[in-house]
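Each chain, written out:
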Amino acid sequence: MENYEKLEKVGEGTYGKVYKARCKKTGHIVALKKTRLDMEEEGVPSTALREVSLLQMLSTSIYVVRLLCVEHIDENDKPMLYLVFEYLDTDLKKFMDLNGRGPEKPLPSALIKRFMYQLCKGVAHCHSHGVMHRDLKPQNLLVDKDKRLLKIADLGLGRAFTVPLKSYTHEIVTLWYRAPEVLLGATHYSTPVDMWSVGCILAEMSRKNPLFPGDSELQQLLHIFKQLGTPNEQIWPGVSKLRDWHEYPQWPRQDIARAVPLLSKEGVDLLEKCLQYEPAKRISAKDAMIHPYFDDLDKSLV
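Reading guide: rules and limits
- Residues numbered from 1 in each chain as written.
- Predicted model: local features only at pLDDT ≥ 70, side-chain atom pairs only at ≥ 80, totals over all residues.
- Heavy atoms only, no water.
- UniProt positions renumbered as here; feature names shortened; annotations may be inferred.
- Pairing = 2+ DSSP bridges.
- Helix = DSSP H or I, 4+ residues; strand = E, 2+ residues; numbered from the N terminus.
- Contact = heavy atoms within 4.5 Å.
- Axes fitted to C-alpha atoms, helices over the stretch in contact; angles between N-to-C directions.
- Parallel < 35°, antiparallel > 145°, perpendicular 65-115°, else oblique.
- Nonpolar A, V, L, I, M, F, W, Y, C, P; charged D, E, K, R; others polar.
- Phe/Tyr/Trp six-rings, centres within 6.5 Å; stacked < 30°, edge-to-face > 60°.
- Buried < 20%, exposed > 50% of the residue type's maximum accessible area, 1.4 Å probe, protein only.
- Lys NZ or Arg CZ within 6 Å of the ring centre and 35° of its normal.

Where an unreviewed UniProt entry is consulted, the protein chain appears under the name Cyclin-dependent kinase, with the organism given as Klebsormidium nitens. What the UniProt record of the protein chain gives under Sequence similarities (unreviewed entry) is the line "Belongs to the protein kinase superfamily. CMGC Ser/Thr protein kinase family. CDC2/CDKX subfamily."

In C-alpha cells form, the structure reads like this:
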C-alpha cells in the first residue's frame, strides 16, 4: 500500500471503507475499496477471487467503473483486499441534486435519455456475462460530469459477500429500488431484478423524487401496490406462493404517466415495461436499448 497516498475517506460502501487516494507512481487519483476477507483455511476465499476476476472482465466496458488492480495485504494479522478503481467524484444522486431538488428543477430530457441508455448498456454488458448487480440505485451510479458519462459501481461483490440489509455504518440499505419478488421473499430471482431498479431510476431522474420511497419492506410493497395495483394470480402467476405474501389491501392500478409528467410517451412506455410485476415479462436490458424511446438519440455519441 506504500504505492498509494490516502487523501480522504469518501464513504463506507456496502462492503467496506472507500478512500480517495493518489497513486505515487503516476499521480492519478484512484478510489481504494477496502474489504475484509472471511478467510478459508488456506489463502484468499475462492469466491472473492472469482468475483474479482469477474469485476476485471466487466470493467472492460466504459459503462462500468474500471477496476485498475487488486492488492491483497495483511493488516494487524487480518487479511484485507484492496480494490483499486478509477475515481469519480459524483454519483447520480449528487448529480441530480446539483441543480436543486424536486420536480421544479428537472434534468434536461436529452440528458436523462443519454444516462438511461448508458445504464441499459452497462446492465446489458453485466447480464451478458451472467452477473446481476442486485443493488442498482443512484448512489451506485457514478457520473463523469465532463463526459456526461454514467458508470455502474459497487458491482460484482454481490454473491461473494451477500448484500447486507444494513451497511457497515448501520444505515439501512435503501429498499426504494428493490424488485417486488425480492421484497416478497423469492429465493430464486434473476436479472429482471436489475431492470426493476432501472425503471425506478428512470422515474426518479424524470421527477427528481423517488417513485417508491418506502421505509420498511411492508411500506415499500404498499407504495408499489398503490401505484401499480395490488397484484394477484391473474396479473402475476405464482405471487401468492412467495414466502412473504399476505393478503394486502386491494388497490386499483394508477396511470403511471401522472407520476412522471415530464417523461415522453415513449419514456412512459419503457418505464411500464421495466415495472412489470411478473419478472419474465419485464423488458431485458438488451431489448431496452432498442426501445423507441431511444430512437432520436445519437448512439454514436453515447
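Having put the structure on the table, let's press on.
Visitor: Describe the sheet that holds strand β7 (residues 141–144), naming the residues involved and giving the relevant values.
Guide: The strand order across the open sheet formed by three strands is β6-β7-β8, and the pairing between neighbours is antiparallel. The sheet is open, and its two borders are formed by β6 (90–91) and β8 (149–152), each paired with just one other strand. As judged from the four bridges shared by β7 and β8, these two strands associate in the antiparallel manner. Note on β8: the bridge partner recorded for Asp-144 is Leu-149. Taken strand by strand, helix α3 (residues 109–128) contacts β7 and β8, and its axis lies near 30 degrees from that of β8.

Visitor: Quick rundown of the packing of α3 against helix α5 (residues 192–207)? Include the residues and the values.
Guide: Contact pair α3 / α5: the axes reach a minimum separation of 11 Å and the direction vectors enclose 170 degrees. Between α3 and α5, the interaxial angle falls into the category roughly antiparallel. The residues of α5 that touch α3, namely those facing Ile-112, Phe-115, Met-116, Leu-119, Cys-120, Val-123 and His-127, are Asp-194, Met-195, Val-198, Ile-201, Leu-202, Met-205 and Ser-206. Residues belonging to the contact of α3 with α5 are distributed by class as follows: 11 nonpolar, two polar and one charged.

Visitor: If you had to explain the packing of aromatic side chains to someone new, which residues and values would you point to?
Guide: Within a pair of aromatic rings, the relevant descriptors are the distance that separates the centres and the angle that separates the planes. All chains considered together, the criterion is met by 10 aromatic pairs. Where Trp-245 meets Tyr-248, the ring centres are 5.0 Å apart and the plane angle is 70 degrees; that geometry is what we call edge-to-face. Among the residues examined, Trp-245 registers a relative accessible area of 15% and is labelled buried. Each ring, one from Tyr-293 and one from Phe-294, has its centre 5.0 Å from the other, and the planes form 55 degrees; the classification is tilted. Its relative accessible area of 0% is what places Phe-294 among the buried residues. One aromatic cluster in this structure is built from Phe-225, Trp-236, Trp-245, Tyr-248 and Tyr-277. Positioned over the ring face of Tyr-19 is Lys-6, at 4.2 Å from the centre of the ring. When the ring centre of Phe-85 is taken as reference, the NZ or CZ atom of Lys-33 above it lies at 5.1 Å.

Visitor: Describe in detail the environment of Pro-292, supporting the description with residues and values.
Guide: Following the sequence through the fold, Pro-292 ends up in the segment after α8 (285–288). Through-space distance from the C-alpha of Pro-292 to that of Asp-269 is 9.1 Å; in sequence the pair is 23 residues apart.

Visitor: Kindly report on the UniProt feature "binding site: ATP" (unreviewed entry) in the protein chain, identifying the contributing residues and their values.
Guide: Per the UniProt record, "binding site: ATP" (unreviewed entry) is annotated on Lys-33. Not counting residues within four places of it along the chain, the set of residues in contact with Lys-33 comprises Lys-17, Val-18, Leu-81, Tyr-82, Leu-83, Phe-85 and Asp-154.

Visitor: Any chance you could break down the side chain of Gln-227 for me, citing the residues and the numbers?
Guide: The topology assignment puts Gln-227 in helix α6 (residues 217–228). Each residue touching Gln-227, except ones within four places of it in the same chain, is listed here: Phe-212, Arg-253, Gln-254, Asp-255, Ile-256 and Ala-259.

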